[in-house]
Amino acid sequence: MLDAATDYRKYLDPKALAKIGNLELRARMIVEGFFSGMHHSPHRGLSIEFADHRSYVQGDDLRHIDWKLYGKTDKYYIKEYEQETNLNLMLVVDASESMGFQSVQSALSKFEYAISIAAAISYLALQQHDSVGLALFDERISHFVRPSNHPHHWKAIVQEMDGKVGPAKTSMERLFAELAERLTYRTLIFIISDLFDDENDILRGLKLLRHKRQESVVFNLWDVAELTFPFRGPTKFAGLEETGNLLTEPGSLRRRYLEEVERFQTAMRTGCGKLHIDYVTFNTSSPLDVALSAYLATRSSRIRHRFSRVMSKETV
Amino acid sequence: MVTGTLAALLEFIHPHLAIGALAAGLIPVIIHLINRRRYRRMPWAAMSFLLAASRRSIRRMRMEQWWLLLIRVAAIILFCAAVARPYMAASSLPFLGTVRSHHAILLDNSRSMNAVNTEGVSRFERARKAAEMLIASFPETDAISLITLAHPAEAVIEYGSYDRRFVRERLASVRPTQRITDTAGALTEARRILKDSDVAEGNRAVYLVSDLPSREWGTGSEAAASATIRAGRQLTGEADFTVLRIGDEEGGLALTSLMCESSLIGVNAPVRVLVETTNLSKTRARECELRLQKEGQILRAAKLPPIAPGESVLTSLPATFASPGTYTLTARLLPRVADALEDDNERYLSVEVRDTAPVLLVDGRPGSVPLDGQAGYLSTALAPRVNPTDNTLIEPKLITELELESEALTDYDAVVLCNVQRLSPEQWRHLQSFVFAGGGVILFMGDLVNVDNYNRLGYAEGAGLLPGQLGERRGGSEGEPFTTFKNDELRHPVVSEFADLPDSGLFLARVNNYLSINADPRRAEVVLRYANNDPAIVVSDMGLGRVAVVTTTANTDWTNLPAKGDYVSLMRKLEAYVCPPYGERRNVLVGEAAVEPLSPAQASLSLRVTTADGRIADGKLVPQGESLAMRYGPIEQAGALTFAIGSDLVRFAANVDPIESELTPAAESAVRAALGEGVRFLTEESDLTAPTTTGKSSEWATTMLYMVLCLLLYESLTAMRFSAER
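These numbers were taken from a predicted model, which means no experiment stands behind them.

What counts and how
- Residues numbered from 1 in each chain as written.
- Chains lettered and ligands numbered in written order.
- Predicted model: local features only at pLDDT ≥ 70, side-chain atom pairs only at ≥ 80, totals over all residues.
- Heavy atoms only, no water.
- Helix = DSSP H or I, 4+ residues; strand = E, 2+ residues; numbered from the N terminus.
- Contact = heavy atoms within 4.5 Å.
- Areas by Shrake-Rupley, 256 points an atom, 1.4 Å probe, with all protein chains shown as cover.
- Core = buried A, V, L, I, M, F, W, Y, C linked by side-chain atoms within 4.5 Å.
- Buried < 20%, exposed > 50% of the residue type's maximum accessible area, 1.4 Å probe, protein only.
- Pairing = 2+ DSSP bridges.
- Axes fitted to C-alpha atoms, helices over the stretch in contact; angles between N-to-C directions.
- pLDDT = per-residue confidence, 0-100.
- Expected span 1.5 Å × (residues − 1).
- Arc of directions from axis to C-beta.
- Buried area = accessible area lost by both parts, 1.4 Å probe.
- Salt bridge = Lys/Arg side-chain N within 4 Å of Asp/Glu carboxyl O.
- Nonpolar A, V, L, I, M, F, W, Y, C, P; charged D, E, K, R; others polar.
- Phe/Tyr/Trp six-rings, centres within 6.5 Å; stacked < 30°, edge-to-face > 60°.
- Lys NZ or Arg CZ within 6 Å of the ring centre and 35° of its normal.
- Parallel < 35°, antiparallel > 145°, perpendicular 65-115°, else oblique.
- Patch = residues over 30% accessible without salt bridge, like charges linked within 9 Å, V, L, I, M, F, W, Y side chains within 5 Å.

**Looking at the overall build of chain A**
Then, number 1: Each helix and strand in chain A was counted, giving eleven helices and ten strands.
Then, number 2: Counting only contacts in chain A whose residues sit at least 6 apart along the sequence, the fraction spanning at least 24 positions is 74%.
Then, number 3: Working note: accessible area of chain A is about 15,300 Å², and carbon and sulfur atoms make up 50% of it.

**Brief notes about the nonpolar core**
The nonpolar side chains of soluble globular proteins are, as a tendency, buried together.
Then, number 1: Counting 46 residues, the largest nonpolar core has Leu179(A), Leu206(A) and Trp44(B) as the members making the most contacts within it.
Then, number 2: Top element by residues in this core is helix 10 (residues 250-274) of chain A. It accounts for six residues.
Then, number 3: For Trp44(B), the contacting residues outside a window of four places in its chain are Phe101(A), Ala225(A), Glu226(A), Phe229(A), Phe231(A), Phe237(A), Ala238(A), Gly239(A), Leu240(A), Tyr257(A) and Leu50(B).
Then, number 4: Leu378(B), Ala414(B), Ile442(B) and Leu561(B) belong to the second largest nonpolar core, which has 41 residues in total.

**Observations regarding the sheet that holds strand 9 (residues 240-245) of chain B**
Residues and elements named next belong to chain B.
Then, number 1: Pairing is mixed in the open sheet, where six strands are placed in the order 7-6-5-8-9-35. Among the strands making up the open sheet, the edge pair consists of strand 7 (154-161) and strand 35 (680-682). Within the sheet, the average angular offset between the axes of one strand and its neighbour, ignoring direction, is 15°.
Then, number 2: Where strand 5 (residues 102-107) meets strand 6 (residues 143-148), six bridges bridge the pair, whose relative direction is parallel. Within strand 6, the position partnered with Ile 105 by the bridge is Leu 146.
Then, number 3: Each of strand 5, strand 6, strand 7, strand 8 (204-210) and strand 9 is contacted by helix 7 (residues 183-195), which is oriented at about 165° to strand 5, the strand it contacts most.

**What to know about the confidence of the model for chain B**
Then, number 1: Per-residue confidence for chain B averages 86 on the pLDDT scale, and 93% of its residues sit at or above 70.
Then, number 2: Within the model, the stretch residues 1-5 of chain B combines pLDDT values under 50 with zero contacts to residues more than four positions away or in other chains.

**Regarding the confidence of the model for chain A**
Residue and element names in this part refer to chain A.
Then, number 1: Mean pLDDT over chain A: 77, with 72% of residues reaching 70 or higher.
Then, number 2: At the level of individual helices and strands, chain A shows its lowest average pLDDT in helix 1 (residues 4-9), which scores 46, and its highest in helix 9 (residues 224-228), which scores 91.
Then, number 3: Contacts from residues 1-8, a stretch scored under 50 in pLDDT, to residues over four places away or in other chains number five contacts.
Then, number 4: Residue range residues 38-48 is modelled with pLDDT below 50. Its contacts to residues more than four positions away, or to other chains, number 18 contacts.

**A few points about helix 13 (residues 566-578) of chain B**
Residues and elements named next belong to chain B.
Then, number 1: Its 13 residues place the ends of helix 13 18 Å apart at the C-alpha level, agreeing with the 18 Å of an ideal helix rising 1.5 Å per residue.
Then, number 2: Taken residue by residue, helix 13 has Tyr 567, Leu 570, Met 571, Leu 574, Glu 575, Tyr 577 and Val 578 as its buried positions. In a view along the axis of helix 13, the buried residues occupy a sector of 165°, so they form one face of it.

**Re the interface of chain B and chain A**
Then, number 1: Chain B puts 24 residues into the contact, and the matching count from chain A is 34 residues.
Then, number 2: Buried area between chain B and chain A, both sides added, is near 2,900 Å², and the carbon and sulfur share of it is 65%.
Then, number 3: Between Glu259(A) and Arg56(B) there is a salt bridge, with the nearest N and O atoms lying 2.9 Å from each other.
Then, number 4: Listing elements by their share of the side of chain B that touches chain A, those giving two or more residues are helix 3 (27-37), strand 2 (40-44) and helix 4 (47-83) of chain B.
Then, number 5: Of the residues forming the side of chain B that touches chain A, the biggest block, eleven residues, is contributed by helix 4 of chain B.
Then, number 6: A per-class count over the side of chain B that touches chain A returns 13 nonpolar, three polar and eight charged.
Then, number 7: As judged from the five bridges shared by strand 8 (residues 235-239) of chain A and strand 2 of chain B, these two strands associate in the parallel manner. Each residue of the ladder has a partner; that of Lys236(A), found in strand 2 of chain B, is Arg41(B).

**A short note on unusual backbone geometry**
All names here are of chain B.
Then, number 1: Across the junction of His 151 and Pro 152, the peptide omega takes the value -5°, indicating a cis bond.
Then, number 2: Relative to the assigned elements, Pro 152 resides in the loop between strand 6 and strand 7.
Then, number 3: Its identity is not glycine, yet Ala 460 carries a phi of approximately 50°, on the positive side.
Then, number 4: For Ala 460, the location among the structural elements is in the loop between helix 11 (451-459) and strand 22 (468-475).
Then, number 5: Judged by its relative accessible area of 27%, Ala 460 falls in the partly exposed class.
Then, number 6: The backbone phi angle of Asn 533 is positive, close to 80°, even though this residue is not glycine.

**Overview of the packing of aromatic side chains**
Then, number 1: As enumerated under the stated definition, the model contains 30 aromatic pairs over all chains in all.
Then, number 2: Ring centres of Phe264(A) and Phe49(B) lie 5.3 Å apart, and the angle between their planes is 65°; on these two criteria the pair is classed as edge-to-face. Taken together, the residues span two chains, with Phe264(A) in helix 10 and Phe49(B) in helix 4.
Then, number 3: Plain terms: the ring middles of Phe643(B) and Phe652(B) are 4.5 Å apart, the flat faces sit at 40° to each other, and that makes the pair tilted.
Then, number 4: According to the relative accessible area criterion, Phe643(B) is buried, its value standing at 0%.
Then, number 5: Residue classification places Phe652(B) among the buried residues on the basis of a relative accessible area of 0%.
Then, number 6: Ring pairing ties together the aromatic residues Phe101(A), Phe196(A), Trp222(A), Phe229(A), Phe231(A), Phe237(A), Tyr257(A), Phe264(A), Trp44(B) and Phe49(B), which thus form one cluster.
Then, number 7: Positioned over the ring face of Phe144(A) is Arg182(A), at 4.7 Å from the centre of the ring.
Then, number 8: Its end group placed over the ring of Tyr577(B), Arg546(B) keeps NZ or CZ at 4.0 Å from the ring centre.

**Re the side chain of Asn513(B)**
Then, number 1: Position of Asn513(B) relative to the elements: it lies in strand 23 (residues 513-519).
Then, number 2: Apart from residues lying up to four places away in sequence, Asn513(B) is in contact with Arg473(B), Arg474(B), Gly475(B), Thr552(B) and Trp558(B).

**Points about the packing of helix 2 (residues 15-24) of chain B against helix 4 of chain B**
Residues and elements named next belong to chain B.
Then, number 1: Helix 4 packs onto helix 2 with a crossing angle of 170° between their chain directions and a minimal axis gap of 8 Å. When the axis of helix 2 is compared with that of helix 4, the two are roughly antiparallel. Contacts between helix 2 and helix 4 involve Leu 17, Ala 21 and Ala 24 on the former and, on the latter, Ile 76, Ile 77, Cys 80, Ala 81 and Val 83.
Then, number 2: Taken together, the residues that form the contact of helix 2 with helix 4 break down as eight nonpolar, no polar and no charged.

**A word on helix 2 of chain B**
Residues and elements named next belong to chain B.
Then, number 1: Considered for burial, the residues of helix 2 that qualify are Ala 18, Ala 21 and Ala 24. Axial view of helix 2: buried residues confined to an arc of 110°, hence all on one face. Relative to its buried face, helix 2 has exposed residues pointing more than 90 degrees away, namely His 16, Ile 19 and Leu 22.

**Observations concerning a nonpolar patch on the surface**
Then, number 1: A cluster of nonpolar side chains, Leu17(B), Phe79(B), Val83(B) and Leu705(B), forms an exposed patch at the surface whose accessible area comes to about 310 Å².
Then, number 2: Among the secondary structure elements, Leu17(B) is positioned in helix 2.

**What to know about the sheet that holds strand 9 (residues 245-248) of chain A**
Then, number 1: Taking strand neighbours across the sheet as the criterion, the three strands line up as 9(A)-8(A)-2(B) in an open arrangement whose pairing is mixed. Sheet topology places strand 9 of chain A together with strand 2 of chain B at the edges, where each strand pairs with a single neighbour. The sheet shows a mean angle of 20° between the axes of neighbouring strands, taken without regard to direction.
Then, number 2: Set on the sheet, helix 10 of chain A makes contact with strand 8 and strand 9 of chain A together with strand 2 of chain B; between it and strand 9 of chain A the angle comes to about 120°.
Then, number 3: Taken strand by strand, helix 4 of chain B contacts strand 8 and strand 9 of chain A together with strand 2 of chain B, and its axis lies near 40° from that of strand 9 of chain A.

**Regarding the packing of helix 5 (residues 123-137) of chain B against helix 6 (residues 164-173) of chain B**
All names here are of chain B.
Then, number 1: Here helix 5 crosses helix 6 at 175°, and the two axes come no closer than 11 Å. Classed by the angle they form, the pair helix 5 and helix 6 counts as roughly antiparallel. Of the residues in helix 6, those in contact with Arg 128, Ala 131, Glu 132, Ile 135 and Ala 136 of helix 5 are Arg 164, Val 167, Arg 168, Leu 171 and Ala 172.
Then, number 2: Residue classes in the contact of helix 5 with helix 6 are distributed as six nonpolar, no polar and four charged.

**Section: the environment of Thr483(B)**
Then, number 1: Within the element layout of this structure, Thr483(B) appears in the loop between strand 22 and helix 12 (505-508).
Then, number 2: For the pair Thr483(B) and Asn532(B), spaced 49 residues apart in sequence, the C-alpha separation works out to 7.6 Å.

**Thoughts on the pairing of strand 24 (residues 524-529) of chain B**
A regular strand places its side chains so that they alternate between the two faces of the sheet.
Residue and element names in this part refer to chain B.
Then, number 1: Pairing analysis gives five bridges linking strand 24 to strand 25 (residues 535-542), with the strands arranged antiparallel. Its bridge partner being in strand 25, Arg 529 is matched across the sheet by Pro 535.
Then, number 2: In sequence, strand 24 turns back onto strand 25 through a hairpin of five residues, with Asn 533 there showing a positive phi of about 80°.

Right under this line is the structure:
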């Protein structure tokens, strides 16, 4: 008999998720499934505003012992902090035509995968009292939801994303310029896209965001067929986003194609690395917990970074 | 340049397949084009990467595709070309091709090949030994066909055989026969076989091993010679031709004819038997005795004088027969003549002795006295009686048109229709069956004859009884209201006796009226014509019987011929021709079949045949028109045969054809004149070997198939290498 943890984790598999049509339910499943595999609650976060002291018990982190109070009372007390919204998240989801691609090997289209990731992250983020906003884009930002940490905000985000893929092309440079204008405060931007645009334009756009002191994480989505190119026999490839047609024998192009994909990913990884931007590639056939892990890892590193700064101020 | 030279030298055994090979070379191209049209459609997002990959690979891919296409096209063209069996001169690139030949051996096993030399060895045995040596000299890769020359020429091994044991067995199974030579047929058969052969055209050879009868090579019968020469010339252009002439023995005395003077023989009526003896040697024959036997009993004997070379002597021997029936007469030269060919020193004759010959005369307008109607005149001519009680062999019976229905035709030897107006379809059919079964029918015209009925049912567009289509009634011209019979071209036996009698009553007779007839050239023969060249008497063979049409009347209504003395002679000749004594067709040649019509009652009796060599065999029941007949044959040995139909005995005589007794061979010059100087003419058996391979063609099919295999292997490896590089 399967235990509850195993039962939930199976919903991280895109094949299983594809059977769940409702995006809200899908997002909840992802988050529950993700955390059912961990041993601590997501609701116990760390904040930086002091709330109260409690007695030290065995197993508490020594870093949180209030040493000043120990000097006064000769007893160990642990500082407890009040939870508060400390991150602004902006989920930037690509809704261009290319995101609608779905091969027979994949259970979800890239867009479905992208909004599943976005919904799950936003759900988790709101649980952590982070502010979450949304931007859907193709050639430009088509839908924009300002970040908020209100619990009901999640439904608005989910409704905004559901089924919004369109026929337009991707234009990343213009998107980043528009984002840079709209986001006036420091925001953690999750860009979820197949990035089918000129790599130099993309990197230029990311550089602009970086210049505006915005932090970014790039989730590059790929359909499994785009990564393996498994086709045989004469095939006419009809390009989405008005990129033209090509009649060819795919087997003869496979090696070169994969080289091109690898070259692009390498260029993106290198370019993002130089800008201190996380670049993560996703295969739409792989489980979605990777995305949530990436979010939490980024969040932790950011909070730890701030915490260490606060602590250093207190010490001073 | 090398390729061009090669192509110019290369020829094909099946050139149409070579054209197909070129067309087949388009198959990979067509498949490629079809595949370009048959593709699946795939929406694709990562198009920029694909286009970039395509831009980088397009040149190399095209080169690879063209190269693979070229290999495939070459492989298919080579394969189809190999099937078309290419060949070229054996001297060109000899190490790559294979020289393979097809030999057709034409072995003469006709009667003349039974002639023996002074050592007692027959021509046939020498010919067979030469053929055995020839076969032994052929390479194992060569195909051999074997054709015998005895008429009709027969392919003993039709398709070239590579199995030497089989060839030797078939050669050993060939027996000498008493049939005539069919050189033209054998050459035609050889041509057909070699034409279908699967070896290169230059590698076909014919070996004619024969005694080369002179009559077939321009010095005898024109028809036989022209047929042989025509067939031989066609073959010399298509194959190496070698002729081995076997035997130079002379012929000797031969019985070349045995017949009765009269075709209708009555009981106790004296008949003369005519025997022709010919000296076919080049020296004067010595005296000998000619003996005539009946069923083994000596009837007569006569001394033959010495006969000069090439001369014939006709001996007439009287004979009488005491009872009706069929008899076999044997003429024999004694003492036993020791010449090269012995089977022509005997000859056989089957005769039928009748006590009566009934003839049915049907008159469309019988008179009150016999000479009023046409049948009356005929009856008087065929059976003249001084006294009413006189016996005559021919027994005419006069009836009217209405009485014909109730008569059984099989009771008569012949039926004569005189001025009969019309017959029902059933009556026409019965008459036709009667003729098929061996009866004779003569039709005389008259003013009552309904031309439409005769043409529609009697001629029936060539399928009926009449040998021609009747036309309008004609007579003399305006200045001369009558015509006469033409005194010319009187070669037919019915009228041949009048050829030397220009003052005969036949040519003095006037014909006022006659019906024109358009004789069917496929089966009719015009016996006698009018002065204006219109046919007067037309005859035709049909089954075992004959039919004749006389286009005028049998009495004096339309012609005064019946008033002439020659009328009787002409009518009796015509009657005898149309209803020949059964004995005449019971004399057959070796190679023909003996056929005896049977009545329905006889068909259920036991049918046995005693052959010339004493064997007893079952007779075969075959359809003959609407009735049945007993058949045995073709007969392979000369002599007397007896058909036992129940308790009745019917005797047949089978004779050899006398033309085979002429042993003079054709001269080398005659053969060369007939076949051209390119022919290899040999007279010694030991010289008969296969020609050298010089000038022969070598076949490339095997080499090409190896090349195809190599190409396919190379194509697979190349395709794999290209795939691996991708």
